[in-house]
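Geometric and topological summary
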Amino acid sequence: MSDHHTHVQEFFSARAAQWDSRFPDDGPAYAAAVAGLDLRAGDRVLDAGCGTGRALTPLRAAVGPSGVVLGVDLTPAMLQAAVQAGRDRDGRLLLADVAALPLRSAALDAVFGAGLVSHLPDPAENLRELARVVRPGGTLALFHPIGRAALAARQGRQITPEDLRAEPNLRPLLAGSGWRMTSYVDEDTRFLALAVREG
């Protein structure tokens, strides 16, 4: 395992048990972001870097009982917290790396990634891997329940021009990874970038 993976696991393992209680009011923001994917009954969707699985319930509601919902995370403690919260009833949880997904090419209709981009070791390559598992015309939602400025303020830092989630950086990053950005919102109350799988 790389140093980056070890760091991510250590960071989230230490916070997993209290994660949901630290951010108890995020549910409606997750539901609204999932709605942006325009999922249909029977669709197959991945929550990439699912953490404690807060997106799994709205994802399941969107695809219905005939759909497939997968949650993938690198940190066992986060998946354990998802199970303890009962969210494994809404989707199948997999301990896996989004950089090397154990899924067939074009197997999915959509990918949801909350707080994902800033934790990717090789964003271009990792977004390309997400594109690999999504059919052409499928969708990607990159989400955070608060915007970039609000998140930076919470963390006691300033936004820099190098921030991958800034639209001038994210749009070409996605384009080079097989995605075409269709929508970009960065407000205090949410960050949501939507993209379509090219090809």
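In this report, we go over the structure that sits alongside the text. This is a predicted model, so every value here is computed, not measured.

**Looking at the sheet that holds strand 4 (residues 108-114)**
The strand order 3-2-1-4-5-7-6 describes an open sheet built from seven strands, whose pairing is mixed. Each edge of the open sheet is held by one strand with a lone partner, namely strand 3 (92-95) and strand 6 (179-187). Going from strand to strand, the sheet's axes swing by 15° on average, the running direction of each strand aside. Packed onto the sheet, helix 3 (residues 27-35) meets strand 4, strand 5 (134-144) and strand 7 (190-197) and runs at close to 150° relative to strand 4.

**Brief notes about helix 4 (residues 56-63)**
Among the residues of helix 4, those classed as buried are L56, P58, L59, R60 and V63. Along its buried surface, helix 4 packs onto helix 3, strand 1 (44-48), strand 2 (68-73), strand 3 and strand 4.

**Structural notes on the pattern of salt bridges**
Taken as a whole, this structure holds 10 salt bridges when the rule is applied. The salt bridge involving D109 is made with R135; its shortest N-O contact spans 2.7 Å. Highlighted residues: D109 in strand 4 and R135 in strand 5, separated in sequence by 26 residues. A salt bridge links D163 to R148, with the shortest nitrogen-to-oxygen separation between them at 3.1 Å. Pair noted here: D163 is in the loop between helix 7 (148-154) and helix 8 (167-175) and R148 is in helix 7, with a separation of 15 residues, a long-range link. With a relative accessible area of 13%, R148 lands in the buried category. Among the charged side chains, a salt-bridge network with shared partners connects R148, D163, R165 and D186.

**Observations regarding the side chain of R54**
Along the chain, R54 falls in the loop between strand 1 and helix 4. At a separation of 3.0 Å, a polar atom in the side chain of R54 contacts the side chain of Y30.

**What about the environment of A193?**
Position of A193 relative to the elements: it lies in strand 7. With relative accessibility at 2%, the residue A193 sits in the buried group. The spacing of A193 and F143 is 50 residues in sequence and 6.6 Å in space, taken between C-alpha atoms. Sequence-distant contacts of A193, defined by excluding residues within four places in its chain, comprise L140, A141, L142, L170, S183 and Y184.

Scoring rules and cut-offs
- Residues numbered from 1 in each chain as written.
- Predicted model: local features only at pLDDT ≥ 70, side-chain atom pairs only at ≥ 80, totals over all residues.
- Heavy atoms only, no water.
- Pairing = 2+ DSSP bridges.
- Helix = DSSP H or I, 4+ residues; strand = E, 2+ residues; numbered from the N terminus.
- Axes fitted to C-alpha atoms, helices over the stretch in contact; angles between N-to-C directions.
- Contact = heavy atoms within 4.5 Å.
- Buried < 20%, exposed > 50% of the residue type's maximum accessible area, 1.4 Å probe, protein only.
- Salt bridge = Lys/Arg side-chain N within 4 Å of Asp/Glu carboxyl O.
- Polar contact = N/O pair within 3.5 Å; in protein donor to acceptor, adjacent residues only side chain to side chain.

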